[in-house]
Amino acid sequence: MESIDILNTPIEFLKGVGPKRAATLQKEFNIFTFRDLLYNFPYRHVDKSTVYRIIDIQAEGSYMQFKGRITSYQIIGQQRNKRLSAQFTDGTGTLELVWFNGIKWIEDILKANHKEWIIFGKPTLFNHKWNMSHPELIDPTAKSEQTVPQHFYPIYNTSEKAKKSGLDSKSIAKLTALLLTQLMSRNIQETLSPNLIEVHHLLGLKSALFNIHYPQSQNHLAMAQYRLKFEELFYVQLKLLKLKLINSKRYRGHIFAQVGENFNFFYHHCLKFELTGAQKRVIKEIRADLKSGQQMNRLLQGDVGSGKTITALLVMLIALDNGFQSCLMAPTEILATQHYENITKQLRNMNIQVALLTGSSKTSERKSILEKLKNGEISILIGTHALIENEVVFKNLGLAVIDEQHRFGVEQRAKLWKKNVPPPHILVMTATPIPRTLAMTLYGDLDLSIIDELPKGRKPIITKHLYEKDRLLLFGFIKKQIALGRQVFVVYPLIKESETMDLLNLEAGFEAMSHAFPLPQYAISMVHGKMKNEVKDFEMQRFIKNETSILLSTTVIEVGIDIPNASVMVIENAERFGLSQLHQLRGRVGRGSDQSYCILMSGDKLTNEGKKRLEAMVSTTDGFEIANFDLKLRGPGDLQGTQQSGILDFKIADISKDEKILTLTREIASKLLENDPNLTHPEHVIVAQQLKEKLKSEHFFGMIS
Ligand code: ADP
Ligand code: MG
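Quick caveat: nothing in here was measured; it's all calculated off a predicted structure.

Let us look at the site of ligand 1. Lining the immediate environment of ligand 1, one finds 17 residues, of which Gly305, Lys308, Thr309, Arg458 and Asp562 sit closest. Here an oxygen atom of ligand 1 sits 2.8 Å away from a polar atom, N or O, in the side chain of Lys308. Contacts to ligand 1 include Thr309, whose side-chain N or O atom sits 2.7 Å from an oxygen atom.

This is how it looks when you write it as structure tokens:
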């Protein structure tokens, strides 16, 4: 079994490493063993081995060279957005070459020469066309000052500290080459079962590891990438699904066998509208969980305004029909209060005790609530994270609902689990439209229900992007809308670096608005995070009661608030917001029967990316489309609620691009566990052993809880 041992060899025993460099490799790159070095993948390659044909470009990611002519060029844009764009062709296809810097210099070169060039750079796909930014221009007739043969070689991430110890990309490449040479005549133990490799046409591990560093060809590189991504995503999914399986075995759940009086009375006599098909379907999915005898852990996703709250309420009534209490936790006091008011209003013709518990509940009130919770008088408790404090003890909590899950951590979810033995059923809700691939990975331990339909009669919100110079248009529009009896939100961005700045921003805005909209015709409310709660509530209430027509705020109103008469959402400095945040804000309007509008205000100067993002907002109201767009543009790190989760730290996979492999591996993992939950079949030996290794990782258990 020498082959297993060799990859576990400490890195300092590799020729050319030694204790000092080993220490640097460990500290800077987490490379402790031969295996770690092999799995330290290059982030790109330089391919000067061949002159490629444009028609043969297959994948993004490598630096390649082409030989051909520049047929035309032009300078586009002005000032900071200025760029030089050139058409390059080799007879098999065209590439757009783009320079953002050194434009004058390139222009001079192109003016002087109308000849053949070798261009070298990284082709990327943009709008279905290949382009290359800042290519190197090489004159094929000039004598190269380099005498080294031209190669296909890897480029590695490195750091300043590592470079000081002589570990730049080149020397990491050398060490890796050395190790690969040593391994040439040895076996490397396979990490996927032969069956998987065969059915899915994967490279064997050894070949993949050789080709990911030193590919024989572009095609081999693509195959190696595919194999390693496949493996990485497969084991992530297998881990998540296995944990889900373990959880469902370990935790029995209350059985809510019946739908009774409370549910039925409410459904037939109190509900003012017909549920959407999606809402009905989701309730069915949840009911199946509640009857199963296993504890439910379900994520309910639905775009803003899709009606998640009523769905949750109906489920809470089922809990009640089966003799259990339930709770609903919201991230802010305003939202918890609104839920409380809505729900008590909807239940007013029924004899059900509902209570509200937040950080600002008075001591005497809190005492009485805690008592009634313990003796079971209160059936539904609504509140903020005040709910999960230890002193909050239920008689028999059967269901816990968490609204706007992305605002809470996993620990808070875990605390709700502990409020009862056996743990309550858990329903978490989110309007953050996480693309399905991301949801599978972030919430892979939860079952997923989706409300993908808005209530009938909603008119799509009309979205417009206006520049600062058009501000008078905005004011005119607001006046017209207020004359029609509507109300208007105006939101200012929070500026993280300086809290005083956003206040200034907001106050300057208030000033400008008060000028444009003088009393007594127009009354304005203003709320921000620095206000005392009572003042904030007072201002909010004035707007909710339609005593004021305009509400100026920082993003405190982002989540949940439901004011049907407010039909205009103005977002100031919209370019400063994330797309999903813009989408959330836009979702605050469009809830009544009136036509609603969202106006995105931006500075007169915008970066290209900024422009594209606002264009995306104007062009669609579909939250999932927007999230996908954001994911593609900025990567998964920027999506709300995903920042801290280490689970997105992939070595090679990129879930914004590898959706297909992710879906495929999820299916494979799921089938595998279905047929052989304990992975005891002989053909699963390798997979079982790998999984065991991966489940050892502490970090992972901490995350799931
Ligand atoms: P969200 O999913 O964003 O939390 P809410 O639950 O706040 O959405 O619902 C938004 C609004 O739509 C509420 O005023 C709610 O009463 C209403 N609503 C929910 N479901 C329906 C439906 N099936 N038909 C009509 N209106 C509905
Ligand atoms: Mg909501």
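With that out of the way, let us pick up the sheet that holds strand E19 (residues 524–527). Strand order in the open sheet formed by six strands is E17-E22-E21-E18-E20-E19, and the pairing between neighbours is parallel. Because the sheet does not close on itself, it has two edges, and the strands there are strand E17 (462–467) and E19. Taken pair by pair, the neighbouring strands of this sheet meet at an average axis angle of 20°, ignoring direction. The pairing of strand E18 (residues 487–491) with strand E21 (residues 566–571) spans five bridges and is parallel. Counterpart to Val488 in the pairing with E21 is Val568. The strands touched by helix H19 (residues 533–544) are E18, E19, strand E20 (550–553) and E21; relative to E19, the strand with the most contacts, the crossing angle is about 145°. Relative to the sheet, helix H20 (residues 579–586) contacts E17, E18, E21 and strand E22 (597–602), its axis offset from that of E21 by approximately 155°.

We now examine the pattern of salt bridges. Scanning all chains against the criterion turns up 17 salt bridges. Of the charged contacts in the structure, one is a salt bridge between Arg298 and Glu285, with a shortest N-O distance of 3.9 Å. Taken as a pair, Arg298 in strand E10 (residues 297–302) and Glu285 in helix H11 (residues 277–291) lie far apart in primary sequence, 13 residues in all. Relative accessible area serves as the criterion here: at 25%, Glu285 is assigned to the partly exposed category. Across the salt bridge formed by Arg366 and Glu389, the nearest N and O atoms sit 3.7 Å from each other. Of this pair, Arg366 sits in helix H14 (residues 363–374) while Glu389 sits in the loop between strand E13 (380–383) and strand E14 (397–402); the two residues are 23 residues apart in sequence, bridging distant segments of the chain. In this structure Arg366 comes out as buried when scored by relative accessible area, which is 15%. One continuous salt-bridge network, built from bridges that share partners, spans Arg281, Glu285, Asp289, Arg298 and Asp452.

What follows concerns the domain arrangement of the protein chain. Split into domains, the protein chain comes out as domain 1 (50–150), domain 2 (261–290 + 307–430) and domain 3 (462–620). Listed as interface residues are four residues of domain 1 and, on the opposing side, five residues of domain 3. Taken over both partners, the interface formed by domain 1 and domain 3 buries close to 280 Å², and the fraction arising from carbon and sulfur atoms is 31%. Taken as a group, Gln79, Asn81 and Phe126 account for 80% of the area that domain 1 buries against domain 3, more than any other trio of residues on that side. Linking domain 1 with domain 3 are zero residue pairs in polar contact (both at pLDDT 80 or more). Looking at the side of domain 1 that touches domain 3, its residues break down into one nonpolar, two polar and one charged.

Ranked by size, the top nonpolar core spans 55 residues in total, and within it Phe234, Leu238 and Leu381 carry the most contacts. Leave out the neighbours within four places in its chain, and Phe234 touches Leu192, Leu196, Thr665, Ile668, Ala669, Leu672 and Val687. By size, the runner-up hydrophobic cluster in this structure holds 41 residues, among which are Phe256, Phe266, Met316 and Val354.

This part takes up the sheet that holds strand E15 (residues 425–430). Either a parallel or an antiparallel arrangement is found when strands of a sheet pair, and the pairing is made through backbone hydrogen bonds. Pairing in this open sheet of seven strands is parallel, and the strands run E12-E13-E11-E14-E15-E10-E16 from one edge to the other. What marks the edges here is a single partner per strand, and that holds for strand E12 (354–357) and strand E16 (447–451). Each adjacent strand pair in this sheet contributes to an overall mean axis angle of 20°, direction not counted. Its contacts with the sheet put helix H12 (residues 308–321) on E10, strand E11 (325–329), E13, E14, E15 and E16, and the angle it makes with E14 is roughly 175°. The strands touched by H14 within the sheet are E11, E12 and E13, with E12 carrying the most contacts at an inclination of about 130°.

Turning next to unusual backbone geometry. The step from Val421 to Pro422 runs through a cis peptide bond, and the omega angle for that step is -5°. As for its position among the elements, Pro422 is in the loop between helix H15 (410–417) and E15. In this structure, the amide linkage connecting Leu519 to the following residue, Pro520, adopts the cis form with an omega of -5°. Mapped onto the elements of the fold, Pro520 is located in the loop between helix H18 (499–516) and E19. Even without being glycine, Asn30 reaches a positive phi, approximately 60°. For Asn30, the location among the structural elements is in the loop between helix H2 (18–29) and helix H3 (34–38). We classify Asn30 as exposed; its relative accessible area is 56%.

Here we take up the packing of aromatic side chains. According to the stated counting rule, one finds eleven aromatic pairs in the structure shown. Here the aromatic rings of Tyr39 and Phe41 are separated by 5.6 Å at their centres, their planes lie at 50°, and the arrangement is tilted. Each member of the pair Tyr39 and Phe41 is classed as buried. Relative to Phe517, the ring of Phe475 lies with its centre 5.4 Å away and its plane at 80°, an arrangement referred to as edge-to-face. Placement of the pair is Phe475 in helix H17 (residues 471–483) and Phe517 in the loop between H18 and E19, with a sequence separation of 42 residues. As far as burial versus exposure is concerned, Phe475 and Phe517 are alike and both buried. An aromatic cluster of three or more residues is present, and its members are Tyr226, Phe230, Phe234 and Tyr235. Positioned over the ring face of Tyr235 is Lys694, at 4.2 Å from the centre of the ring.

What counts, and at which threshold
- Residues numbered from 1 in each chain as written.
- Chains lettered and ligands numbered in written order.
- Predicted model: local features only at pLDDT ≥ 70, side-chain atom pairs only at ≥ 80, totals over all residues.
- Heavy atoms only, no water.
- Near = heavy atom within 4 Å.
- Polar contact = N/O pair within 3.5 Å; in protein donor to acceptor, adjacent residues only side chain to side chain.
- Pairing = 2+ DSSP bridges.
- Helix = DSSP H or I, 4+ residues; strand = E, 2+ residues; numbered from the N terminus.
- Axes fitted to C-alpha atoms, helices over the stretch in contact; angles between N-to-C directions.
- Contact = heavy atoms within 4.5 Å.
- Salt bridge = Lys/Arg side-chain N within 4 Å of Asp/Glu carboxyl O.
- Buried < 20%, exposed > 50% of the residue type's maximum accessible area, 1.4 Å probe, protein only.
- Domains from an automatic or database assignment.
- Buried area = accessible area lost by both parts, 1.4 Å probe.
- Nonpolar A, V, L, I, M, F, W, Y, C, P; charged D, E, K, R; others polar.
- Core = buried A, V, L, I, M, F, W, Y, C linked by side-chain atoms within 4.5 Å.
- Phe/Tyr/Trp six-rings, centres within 6.5 Å; stacked < 30°, edge-to-face > 60°.
- Lys NZ or Arg CZ within 6 Å of the ring centre and 35° of its normal.

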